[in-house]
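Each chain is listed here by its residues.
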Amino acid sequence: MTGAEVLLTCNNTKYPLRVKGTTDKNGYFFIKPPKTLTTYGSHRCRVSLLSSPMATCNQPTDLHAGVKGSLLMPNKKPPLSSPDAHPLPYDVFSVGPFAFEASSKTPCAKESLED
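Remember, it's a predicted structure, so these values are computed and weren't measured experimentally.

1. Some remarks on the confidence of the model for the protein
And step 1. Here the protein averages 79 in pLDDT, and 81% of its residues register 70 or above.
And step 2. The low-confidence segment residues 111-115 (pLDDT under 50) makes seven contacts with residues lying over four places distant or belonging to another chain.

2. Overview of the nonpolar core
And step 1. By size, the foremost hydrophobic cluster in this structure holds 15 residues, and its most contacted members are Leu-8, Val-47 and Phe-100.
And step 2. Sorting the residues of this core by element identifies strand 1 (5-10) and strand 3 (45-51) as the ones contributing at least two each.
And step 3. Leave out the neighbours within four places in its chain, and Leu-8 touches Leu-17, Arg-18, Val-19, Ile-31, Pro-33, Cys-45, Arg-46, Val-47 and Leu-72.

3. Remarks on a nonpolar patch on the surface
And step 1. A cluster of nonpolar residues, Phe-30, Leu-88, Tyr-90 and Val-92, forms a patch on the protein surface that exposes about 330 Å² of accessible area.
And step 2. Note on placement: Phe-30 falls in the loop between strand 2 (17-22) and strand 3.
And step 3. Residue Phe-30 is classed as exposed on the basis of its relative accessible area of 55%.

4. Looking at the pairing of strand 1
And step 1. Across the six residues of strand 1, five count as buried, placing the element largely inside the fold.
And step 2. The pairing of strand 1 with strand 2 spans six bridges and is classified as antiparallel. Bridge assignment links Leu-8 to a residue of strand 2, and that residue is Val-19.
And step 3. Strand direction decides the pairing type here: strand 1 and strand 3, joined by six bridges, are antiparallel. Each bridged residue has a counterpart across the sheet, and for Val-6 the counterpart in strand 3 is Leu-49.

5. A word on the sheet that holds strand 3
And step 1. Ordered by their spatial adjacency, four strands build an open sheet running 2-1-3-5, and the pairing between neighbours is antiparallel. What marks the edges here is a single partner per strand, and that holds for strand 2 and strand 5 (70-71).
And step 2. Summarising the sheet, strand 3 and strand 5 pair through two bridges and their orientation is antiparallel. Counted as the bridge partner of Arg-46 is Leu-71 from strand 5.

Rules used throughout
- Residue numbers restart at each chain and count upward from 1, following the sequence in its written direction.
- With pLDDT at 70 or above as the cut-off, local features in this predicted model cover only qualifying residues; side-chain atom pairs require 80 or more to be listed or tallied, and sums for whole chains, interfaces and linings still use all residues.
- By convention in this description, side-chain values take in all heavy atoms of the structure and omit both hydrogens and water.
- For every residue, the predictor assigns a confidence score, pLDDT, that lies between 0 and 100.
- In what follows, residue pairs with any heavy atoms lying within 4.5 Å of each other are defined as contacts.
- We define a nonpolar core as any set of buried Ala, Val, Leu, Ile, Met, Phe, Trp, Tyr and Cys residues linked to one another through side-chain atoms lying within 4.5 Å.
- Throughout, exposure labels follow a simple rule: accessible area from a 1.4 Å probe, protein chains only, divided by the maximum for the residue type, with under 20% read as buried, over 50% as exposed, and the rest as partly exposed.
- Secondary structure is summarised from DSSP: a helix means a run of H or I of at least four residues, a strand means a run of E of at least two, and numbering begins at the N terminus for each.
- For patches, a residue must show more than 30% relative accessible area and have no salt bridge; joins then use 9 Å for like charges and 5 Å for nonpolar side chains, namely Val, Leu, Ile, Met, Phe, Trp and Tyr.
- Each accessible area is a Shrake-Rupley estimate made with a 1.4 Å probe; only the visible protein chains count as cover when residues are assessed.
- What counts as a salt bridge is simple: a side-chain nitrogen of Lys or Arg found within 4 Å of a carboxyl oxygen of Asp or Glu.
- Should DSSP find at least two bridges between two strands, the strands are regarded as paired.

Next comes the structure, spelled out in structure tokens:
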């Protein structure tokens, strides 16, 4: 679903961190937090659903903790595609997948979810 908003919240510093992200056409999002957040503090971070771009399918569900906030799961670093490639300068984490449901008795339109 394109355009769904998520929120990264970290409570591991004196000043809690809150960063929004938006999904792409494949339903993925990328949030690059400030450098003050380290891999060692990532266990205190959660990602939750904020809003849906669809008026009829805008109720966040708690699938994979989409409402209360899902803990970040570290991903393995991808193998280098060539000997000249450089490793990523940051660690990659994942959450979800998350889901929205209809806000009324009208079901979410399946074709709208696959935009």
